[in-house]
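Reading the structure
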Amino acid sequence: MSADERRESVIRAAITEFARGGYNATSTESIARRVGVSQPYLFRLFVNKQAMFLAAAERCLADTRKVFADAAEGLEGDEALHAMATAYQRLIVHDPDRLLMQMQMYAAVAAAEAAGNHEFGESLRAGWLQMFDDISVTLGADPNEATLFLAYGMLVNTLTSLGYPADHRIWSRFYDSAKPPGRAAPPA
């Protein structure tokens, strides 16, 4: 494997490990073990644990932006919105580590900020802002639509993280594309 391929393997492993254990509880040793390399080798690819976490979180954001862009390609307005919502539900159902990584990212940045480390979240805030801007453009350059879409998305994240099943009544007020798979629309 080339260094770039190995780095990619480390990022994928870091997403899984950080998603499941959080920033503080995840050891670089567990990431190295998942990739099948030595811990010192990790530090030839990444300066430190924080750099690994940021690479994993940035990848998670970039992948989510790509899911939205691919889903909305060639669509406008409500069609784009519903395609993005459906694609996001598929993403977090089929790859729950992506959702967990997002939640860990928010917690890690908040903890770093509370401890006075305001630089830790800079790249992640920039990635999130890029996602907001991309969604805004996709939805007709309307920041209100992007805000509403992302607000519902954060609620989806919360409800999914809390384990509400697809058939729970809490999903009844969501548009169908934002409901988890398996949630039937109520009879007309």
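Residues numbered from 1 in each chain as written. Predicted model: local features only at pLDDT ≥ 70, side-chain atom pairs only at ≥ 80, totals over all residues. Heavy atoms only, no water.

**Focus on the packing of aromatic side chains**
Heads up, the rule is: Only Phe, Tyr and Trp rings take part, Trp by its six-membered ring, and two of them pair if their centres are within 6.5 Å. Stacked means planes under 30 degrees apart, edge-to-face means over 60, and tilted covers everything else. Per the convention used, a helix needs a DSSP run of H or I reaching at least four residues, while a strand needs a run of E reaching at least two, with both numbered from the N terminus. Categorising residues by exposure relies on relative accessible area from a 1.4 Å probe, with only protein chains included: less than 20% of the type maximum marks a residue as buried, more than 50% marks it as exposed, and the intermediate range marks it as partly exposed.
Evaluation of the coordinates by the stated rule reveals ten aromatic pairs. Where Phe 18 meets Phe 53, the ring centres are 5.0 Å apart and the plane angle is 80°; that geometry is what we call edge-to-face. In this pair, Phe 18 is assigned in helix α1 (residues 3–25) and Phe 53 in helix α4 (residues 49–72), connecting sequence segments 35 residues apart. An identical accessibility class is assigned to Phe 18 and Phe 53; each is buried. Ring geometry for Tyr 23 versus Phe 53: centroids 5.2 Å apart, planes at 75°, classification edge-to-face. One end of the pair, Tyr 23, is in helix α1; the other, Phe 53, is in helix α4, with 30 residues separating them in the sequence.

**Some words on the side chain of Asn 157**
To keep it simple, the criterion reads: Pairs of residues are marked as contacts when any of their non-hydrogen atoms sit within 4.5 Å.
As for its position among the elements, Asn 157 is in helix α8 (residues 143–161). Note on Asn 157: relative accessible area 2%, which makes it buried. Setting aside residues no more than four positions away along its own chain, Asn 157 makes contact with Tyr 88, Leu 99, Gln 102 and Met 103.

**Topic: the nonpolar core**
Basically, it comes down to this: We call a set of buried residues a nonpolar core when its members are Ala, Val, Leu, Ile, Met, Phe, Trp, Tyr or Cys and they connect through side-chain atoms within 4.5 Å of each other.
Residues Phe 53, Met 101, Ile 135 and Phe 149 are the most contacted members of the largest nonpolar core, which totals 55 residues. Where this core is concerned, the elements lending two or more residues are α1, α2 (28–35), α3 (39–45), α4, α5 (77–94), α6 (96–114), α7 (122–138) and α8. Residue contributions to this core peak at eleven residues, all from α4. Dropping the residues within four chain positions of it, Met 101 is found in contact with Ile 15, Phe 18, Ala 19, Phe 53, Ala 56, Ala 57 and Cys 60.

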